[in-house]
Structures are given as C-alpha cells and as structure tokens.
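Letter by letter, the chains look like this.
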Amino acid sequence: MATAAGSGFDTETLRLGIEGPIAETLVSLYADDAEIRIVDRNTQPSHPKVLHGRTEIAEMFDELSSREMTHKLERCIVQGDQLAFSESCEYPDGVRVLADSMVSLRDGKIVEQTMVQAWDEP
C-alpha cells in the first residue's frame with residue numbers, strides 16, 4: 001500500500017498504525033478536530049459512542065494498543081476524499097472482532113469516521 005493518488009492519504013501508515021504496537025502512528029492520521037462514531041453491541045446506532053478530537057481518539061487507541069490482541073488491515077479503498085477499510089482483530093482466547101469504517105478526509109487527514117464493530121458472542 002502507498003499514498004492514495006489525489007487524496008494525500010497514506011494507506012501504508014494506516015496499515016502500520018492498525019497492525020503495529022504504537023498508537024501514535026494511527027493517531028497521526030487524524031485531524032485535530034476529527035470525530036469518530038462507534039457502533040457496536042454496547043453503543044447502538046441510536047446512541048453511538050462519539051469521540052471528539054485527537055486527544056480523545058488517542059486515548060482510545062492507547063487503550064486498544066495496550067490489550068493483548070492482534071489487528072490486521074483487511075481491505076482499504078480510497079476514492080477522492082472518502083476512505084473505507086476493514087480491520088480484523090483477535091484476542092489470545094480466540095475471540096474475534098471485525099470493524100468496518102467509512103471515513104471522510106480533508107488534506108490527507110481523517111476528519112470523520114463511522115466504525116461498526118461486530119464481536120464473537122460467547
């Protein structure tokens with residue numbers, strides 16, 4: 001992967017940020033005023049979890065990178081100022097998570113992201 005033509009977005013940094021152990025790499029892709037909406041089994045569509053700004057986003061990614069689990073960028077598509085990607089995760093006990101994101105970009109940085117997550121159910 002490389003920088004997507006026309007968008008200025010670096011998909012290789014996205015892969016390194018998702019799959020690597022350091023949250024700062026992933027956080028570097030977000031604009032200062034970015035917003036993430038997260039929909040999953042705990043934060044459903046009518047009441048999503050919303051993170052505002054790089055500070056809140058960094059706190060979430062720091063917490064996630066502290067967990068013992070693997071992350072893999074499965075797919076990534078950039079078209080103009082829009083990005084879509086799928087990420088798979090697995091905990092040591094075998095529990096898997098799949099997250100799909102739709103993203104808006106500005107000047108090569110993420111400004112809005114909606115992430116939908118599905119977890120294995122016990």
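Our subject is the structure listed above.
Computed from a prediction, not measured in an experiment: that's the story for all the values here. (Residues numbered from 1 in each chain as written. Predicted model: local features only at pLDDT ≥ 70, side-chain atom pairs only at ≥ 80, totals over all residues. Heavy atoms only, no water.)

(A) Molecular detail of the side chain of His71. Considering the arrangement of structural elements, one finds His71 in strand S3 (residues 70–79). Look at His71 and you get buried, because its relative accessible area is 16%. Apart from residues no more than four positions distant in its own chain, His71 is found in contact with Ile18, Glu19, Leu64, Glu87, Ser88 and Cys89. (Helix = DSSP H or I, 4+ residues; strand = E, 2+ residues; numbered from the N terminus. Buried < 20%, exposed > 50% of the residue type's maximum accessible area, 1.4 Å probe, protein only. Contact = heavy atoms within 4.5 Å.)

(B) Structural context of the pattern of salt bridges. Within the structure shown, the criterion is met by 7 salt bridges. We note a salt bridge from Arg106 to Asp33, for which the minimum N-O separation is 2.7 Å. Linking Arg106 in strand S5 (residues 96–106) with Asp33 in strand S1 (residues 30–39), this pair joins segments that are 73 residues apart in sequence. A salt bridge links Glu63 to Arg67; its shortest N-O distance comes to 2.9 Å. Overlapping salt bridges bring together Glu12, Arg15 and Glu19 as one network. (Salt bridge = Lys/Arg side-chain N within 4 Å of Asp/Glu carboxyl O.)

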